[in-house]
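Results of the structural survey
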Amino acid sequence: MYHKFGRWGILVLLGILIIFGVFNRLYLVIQYGMPDYILEVLLIILTVVLIYLIYKKNIFEFNKLNVFKTLLVLGIIFRITLAIHDFYNRPVQDSDYLKHEKLGARIAFEGKFYDYTGIELRNFRQPGLPMLFAAGLLIYNNPVTYSIVMIIFSFGVLIAGFFLFKDLKNIAALFSFAYLSVSPNMLFMASSSNTQLSFFFFLILLFIALKRYNGKVYQLIIIGALLAIEMYIRFNFLMIFLLIPFIIEKHENKKLIYSLSKIGIAYLSFLILYSPWVYRNYVIYGRLRLMPTTGLGLYSSNVTKDYTKMGGYNGVPDSVLNKYKDLSEIEFDKSLKNEAIEFVKSNPILYVKGIPFRLIKYSGRQDWTISFFFDATKYSFGNFLEMLFQFIENFFFWIVILYPFIYLLKNKKLNSLSVYLLCAYLTYSMVLLPISESRSRYNFPYILFPLFAIAFVEKRKAVVAPVKL
């Protein structure tokens, strides 16, 4: 069940993303004749041809470590270049990026952690990245500290990714590390104070730990700790639960009680590290709070009469904020959730009409860091560079979703780590898409999980069948 749910679920999800992604691009070409989308349609065709050639020539194994080392060097050079740029012309942060920096400063100098939208929110955002900013500010109180922290994470993702993929002997591993090394989305990500980059770093460390796991107690402690750390940054509680079938499958020749004892060690490590945040929330609210408040996000992405904006960020009207301004955060959160639920109940047709637009957003380009960089820096030749970098990113995007789809369609033999990654992406998407914001940046880094999963397929288990496209 674990295996079939992961494989077939991902096939359906990727199939939907491909259909809606292609439809979106074709619609923009036909309706508006946008030149960059015309190029992307041609790029999709090129990607399909490339994947066909990989299957036709049976190019699945890749044994040259020098290629990974070359990509590592290129990644370092590009990151140094952009780090130098950010020291003298970093894009001015806004929206969530600015919030993360403000929260870090509040932790460092006020000893408080709160967001403010007319009502003080003390559990609306996870504290991981702001805490790291706060630590940096206590060492060096200067705005450049934010940039330094993000640059360190960018290098961390690259180096951790190298150790994750360098000994894997298949072309999916090469695609995966190439994305980490030279994808424009990855390179520009350190220019913004986003949680995706820091979250991704600890995820890669988690994958390294899971890849090497063979039942040792210290490995379980590390795995539990990494799951807690990534939850401090972005609240994804699903990956801790998916550890259960992963551990059971890893010890399939042992009694169930043996696997459960191993899971217990990892969970204990997780709870010990995450308990300070739970205790802090208990002190503030007088009740146990594991999850952050989500009412603002649910209201924003669901309460709109324009179904094309379903799944987007639509904000919360001042009238609604004023209506609830005297409530505590928990009651405020509950009220917004109730309004969102009642709106959907009262407008079911509107909700159904919005589903395709949620999917279109989720299958959109990974252009958020690229657009942010060039919108904020305002170079005279920025439009051309943005199109160039977006073209490169689009190539990676279609490799990332097309190659795993074709591979999983033709191959059934997967190991426990591969299935863990497939289930992690699938369950996250199933929770996100129906009720929350589904803009493309919320699909990152999860969209890479199917490609990573294929990279971890062992040679003896890979059953490659010819394909005709």
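Each chain carries its own residue numbering, running from 1 in the written order of its sequence. Totals for whole chains, interfaces and linings use all residues, but because this is a predicted model, local features are given only for residues with pLDDT of at least 70 and pairs of side-chain atoms are given and counted only at 80 or more. Processing note: side-chain calculations cover all non-hydrogen atoms of the structure and skip hydrogens and water entirely.

Thoughts on the confidence of the model for the protein chain
Residue-level confidence of the predictor, termed pLDDT, takes values from 0 up to 100. Per-residue confidence for the protein chain gives a mean pLDDT of 93, with 97% of residues at or over 70. Long-range and interchain partners of residues 460-469, a stretch whose pLDDT sits below 50, account for 21 contacts in this model, where long-range means more than four residues apart. Contacts were defined at the residue level, with two residues in contact if any of their heavy atoms lie within 4.5 Å.

Quick word on the packing of helix H3 (residues 65-89) against helix H6 (residues 144-165)
Simply put, an axis is a line fit to the C-alpha atoms, just over the touching stretch for a helix, and the angle between two N-to-C directions goes from 0 to 180 degrees. A helix here means a DSSP run of H or I that spans at least four residues, while a strand means a run of E at least two residues long, and both kinds are numbered starting from the N terminus. Their axes nearest at 11 Å, the elements H3 and H6 cross at an angle of 175°. Between H3 and H6, the angle falls in the class roughly antiparallel. Here H3 contributes Phe68, Lys69, Leu72, Gly75, Ile76, Arg79, Ile80, Ala83, Asp86 and Phe87 to the contact with H6, which in turn contributes Val144, Ser147, Ile148, Ile151, Ser154, Phe155, Leu158, Phe162 and Phe165. Among the residues forming the contact of H3 with H6, the class breakdown is 13 nonpolar, 3 polar and 3 charged. An angle below 35 degrees is treated as roughly parallel, one above 145 as roughly antiparallel, one from 65 to 115 as roughly perpendicular, and anything else as oblique. Any residue outside Ala, Val, Leu, Ile, Met, Phe, Trp, Tyr, Cys, Pro, Asp, Glu, Lys and Arg is labelled polar, Gly included; the first ten of those are nonpolar and the last four are charged.

Section: unusual backbone geometry
Of note, the bond from phenylalanine 444 into proline 445 is cis; its omega dihedral lies within 30 degrees of zero at 5°. Position of proline 445 among the secondary structure elements: in the loop between helix H20 (416-435) and helix H21 (449-455). The residue serine 95 is not glycine, and still its phi comes out positive at about 50°. Inspection of the secondary structure puts serine 95 in helix H4 (residues 95-109). The backbone of lysine 378 shows a phi angle near 55°, a positive value even though the residue is not glycine. Within the secondary structure, lysine 378 sits in the loop between helix H18 (368-377) and helix H19 (382-410).

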